[in-house]
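Structural description and commentary
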2 protein chains.
Amino acid sequence: MKIITISREFGSGGRELGKRLADHFGIPCYDHEIIDLVAEKQGLHKDYVASVSEKSLQAFYPTTIGHRFYVPNTFIRQSVDITVEQQNILKELAARGDCVIVGRCADVVLEDRRPFKMFVYADTASKLRRCAGRTKAGEHLSDKEIVKKMRQIDKERADYRSLFTDEGWGKPQSYHLCVNTSGREIKPLVPGLASYIEAWEDTQ
Amino acid sequence: MKIITISREFGSGGRELGKRLADHFGIPCYDHEIIDLVAEKQGLHKDYVASVSEKSLQAFYPTTIGHRFYVPNTFIRQSVDITVEQQNILKELAARGDCVIVGRCADVVLEDRRPFKMFVYADTASKLRRCAGRTKAGEHLSDKEIVKKMRQIDKERADYRSLFTDEGWGKPQSYHLCVNTSGREIKPLVPGLASYIEAWEDTQ
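My aim in this report is to walk through the structure given alongside it, one point at a time. This is a predicted model, so every value here is computed, not measured.

Mapping chain B onto chain A is achieved by rotating through 180° and translating by 0.0 Å along the same axis, at an RMSD of 0.0 Å. Considering both components of the superposition, the chain copies are consistent with a two-fold axis. Residue by residue, 100% of the interface of chain B is reproduced at the interface of chain A, so both copies engage with the same surface.

Structure follows, in structure tokens:
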């Protein structure tokens, strides 16, 4: 059984790496598919699920409300439901067979399946270049704004992880391999990584 | 030009990984050789150089003295000399051609040669097992004592690094690849790593 989980800094190319590794091994890669499944099961819009699927429960509080005791119960309830549903779906997907899972704290949720856990990161300049290539039409953000957004998203991912484990997000000890993609294309790095993962699995 | 530097937690197998990677590429691996060269050039005993070669300058102060202003100038002078000599030797070795260098903050000292920078680490249980296999004859340390020694050595390496750079020891951002050797033999991991390093070099 080969389950590969990918935690990643925003803009590091972790998602592309996941897709390419999955293609290399001829196994599925789950990323946005997880959001679609959660949305479907919870009867929620997938944009909403996407916006909260890797945030800590605190992040669900509308910032305009300000004080926690004003937060309607439905917000709390819904955020817990999404988190639980997401865990169930991760377990179902892993039970189907070998796969790559990007994000969603899958490395911790699926710990009992002994996944190969990767962390993908890069320096700020490289992440900025990668983000510049995928801005939405009509969206004009300065580099400063993009860096702020990247940090915020990474912070939310770290907070989301802290719901499940004390093993810190982005700390080497939480992963089997940490890959710095700074200044590199993802594609040529895949065969070497795949060969390393295979050696790792073989010596289990 | 392929210079590979290996930073490593004590007991993680980083030195073995360095030797095996060097063998794989057919290039030299410098580890204790650096100490011998420093000792020779400085006219010092190599055991003494070995004991201080990856410590911060503070670590040179004899602990029995207690107050810094009592430290004889010769201690300070000698520690600075060893640090400077070690840097010169690293640069000379790198100038000779492709090589693997273990420790000695070579990744920072040789930054202008754009080395491939690795960090090798493992969980405590794995490091204990590895250390148990190489205790000196007549040396009987409890697991607790070995863990204390491992932490102390890693702390000294981190402090030594802080002489050269603000990029923290053991932080992913300081390296190109962080490799967790927990529960694994080093040998089978080498071909995959070598293939990854070659792809990295090729896309430079």
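A few words on the sheet that holds strand β2 (residues 29-30) of chain A. Taken in spatial order, the 10 strands make up an open sheet running β2(A)-β3(A)-β1(A)-β4(A)-β5(A)-β5(B)-β4(B)-β1(B)-β3(B)-β2(B), and their pairing is mixed. With partners counted over all chains shown, the strands left at the sheet margins are β2 of chain A together with β2 (29-30) of chain B, one partner each. Here strand β5 (residues 177-180) of chain A runs beside strand β5 (residues 177-180) of chain B; their pairing, made up of three bridges, is antiparallel. Following the sheet pairing, valine 179 of chain A is matched in β5 of chain B by leucine 177 of chain B. Of the strands in this sheet, β1 (3-8), β2, β3 (99-102) and β4 (116-121) of chain A touch helix α1 (residues 14-25) of chain A, which is tilted by about 165° from β1 of chain A.

Inspection of every chain in the model, using the stated rule, returns 22 salt bridges over all chains. A salt bridge links glutamate 16 of chain B to arginine 130 of chain B; the shortest N-O distance between them is 3.9 Å. You can see glutamate 16 of chain B sitting in helix α1 (residues 14-25) and its partner arginine 130 of chain B sitting in helix α6 (residues 124-132), a full 114 residues away along the chain. For the salt bridge of lysine 155 of chain B with aspartate 159 of chain B, the shortest nitrogen-to-oxygen distance reads 2.8 Å. You can see lysine 155 of chain B and its partner aspartate 159 of chain B sitting in helix α7 (residues 143-161), four residues apart, about one turn around the helix. Among the charged side chains, a network of salt bridges with common partners joins Arg15, Asp31 and Arg104 of chain A.

Moving on, we get to the packing of aromatic side chains. In total, this model carries 12 aromatic pairs over all chains according to the counting rule given. Taken together, a centroid distance of 6.3 Å and an interplanar angle of 65° make the contact between phenylalanine 116 of chain A and tyrosine 196 of chain A edge-to-face. Placement of the pair is phenylalanine 116 of chain A in strand β4 and tyrosine 196 of chain A in helix α8 (residues 190-202), with a sequence separation of 80 residues. Overall, phenylalanine 116 of chain A belongs to the buried group, its relative accessible area being 0%. Here a set of aromatic residues connected by ring pairs shows up, and it is made of Phe119, Tyr121, Trp169 and Tyr175 of chain A. It is lysine 2 of chain A that lies over the ring of phenylalanine 25 of chain A; its NZ or CZ is 4.5 Å from the centre. It is arginine 184 of chain A that lies over the ring of tryptophan 200 of chain B; its NZ or CZ is 3.9 Å from the centre.

Successive residues of a regular strand alternate their side chains across the two faces of the sheet. Residues and elements named next belong to chain A. Of all six residues that make up β1, six are buried, and the element is covered over most of its length. In β1, alternate side chains face the same way, and those of Ile3, Thr5 and Ser7 on one face and Ile4, Ile6 and Arg8 on the other are all buried. Here four bridges tie β1 to β3, and the two strands are oriented parallel to one another. The residue of β3 that forms the bridge with isoleucine 4 is valine 100. Relative to β4, β1 runs parallel, the two sharing five bridges. Bridge assignment links isoleucine 6 to a residue of β4, and that residue is methionine 118.

Attention now goes to the interface of chain B and chain A. Listed as interface residues are 24 residues of chain B and, on the opposing side, 24 residues of chain A. Counting each side, the surface lost to burial between chain B and chain A is near 2,200 Å², with a carbon and sulfur contribution of 57%. The largest per-residue losses of area from chain B upon contact with chain A belong to Arg184, Tyr196 and Trp200 of chain B, which jointly make up 27% of the total buried on that side. Put simply, chain B and chain A have zero salt bridges between them. Applying the counting rule to chain B against chain A returns 14 residue pairs in polar contact (both at pLDDT 80 or more). A per-element tally of the side of chain B that touches chain A places helix α8 (residues 190-202) of chain B first, with seven residues. A per-class count over the side of chain B that touches chain A returns 13 nonpolar, nine polar and two charged.

Between α8 of chain A and α8 of chain B, the shortest axis-to-axis distance is 7 Å and the interhelical angle comes to 170°. In terms of axis orientation, α8 of chain A runs roughly antiparallel to α8 of chain B. Where α8 of chain A approaches α8 of chain B, its residues Pro191, Gly192, Leu193, Ser195 and Tyr196 of chain A are matched on the opposing element by Pro191, Gly192, Leu193, Ser195 and Tyr196 of chain B. Partitioning the contact of α8 of chain A with α8 of chain B into residue classes produces six nonpolar, four polar and no charged.

Let's shift gears to the nonpolar core. Residues Ile4, Leu21 and Met118 of chain A together with Ile4, Leu21 and Met118 of chain B are the most contacted members of the largest nonpolar core, which totals 48 residues. If we skip the residues at most four places from it in the chain, methionine 118 of chain A touches Ile4, Thr5, Ile6, Ser7, Leu17, Leu21, Tyr175, Leu177, Val179, Leu193 and Ile197 of chain A.

With that settled, consider the side chain of threonine 165 of chain A. Topologically, threonine 165 of chain A is positioned in the loop between α7 (143-161) and β5. A polar side-chain atom of threonine 165 of chain A sits 2.9 Å from the main-chain amide nitrogen of glutamate 167 of chain A.

The subject of this paragraph is α8 of chain B. For α8 of chain B, which comprises 13 residues, the first-to-last C-alpha distance of 18 Å matches the rise-based estimate of 18 Å (1.5 Å per residue) to within 8%. Within α8 of chain B the residues assigned to the buried category are Val190, Gly192, Leu193, Ala194, Tyr196, Ile197, Ala199, Trp200 and Glu201 of chain B. Buried residues in α8 of chain B make contact with β5 and α8 of chain A together with β1 (3-8), α1, β4 (116-121) and β5 of chain B.

Time to look at the state of the cysteines. Under the counting rule described, the total for this entry stands at zero disulfides over all chains. Left without a disulfide partner, cysteine 29 of chain A is nearest to the cysteine sulfur of cysteine 99 of chain A, which lies 8.6 Å away.

So, how was this worked out
- Residues numbered from 1 in each chain as written.
- Chains lettered and ligands numbered in written order.
- Predicted model: local features only at pLDDT ≥ 70, side-chain atom pairs only at ≥ 80, totals over all residues.
- Heavy atoms only, no water.
- Least-squares fit on C-alpha atoms with pLDDT ≥ 70 in both.
- Contact = heavy atoms within 4.5 Å.
- Pairing = 2+ DSSP bridges.
- Helix = DSSP H or I, 4+ residues; strand = E, 2+ residues; numbered from the N terminus.
- Axes fitted to C-alpha atoms, helices over the stretch in contact; angles between N-to-C directions.
- Salt bridge = Lys/Arg side-chain N within 4 Å of Asp/Glu carboxyl O.
- Phe/Tyr/Trp six-rings, centres within 6.5 Å; stacked < 30°, edge-to-face > 60°.
- Buried < 20%, exposed > 50% of the residue type's maximum accessible area, 1.4 Å probe, protein only.
- Lys NZ or Arg CZ within 6 Å of the ring centre and 35° of its normal.
- Buried area = accessible area lost by both parts, 1.4 Å probe.
- Polar contact = N/O pair within 3.5 Å; in protein donor to acceptor, adjacent residues only side chain to side chain.
- Nonpolar A, V, L, I, M, F, W, Y, C, P; charged D, E, K, R; others polar.
- Parallel < 35°, antiparallel > 145°, perpendicular 65-115°, else oblique.
- Core = buried A, V, L, I, M, F, W, Y, C linked by side-chain atoms within 4.5 Å.
- Expected span 1.5 Å × (residues − 1).
- Disulfide = S-S within 2.5 Å.

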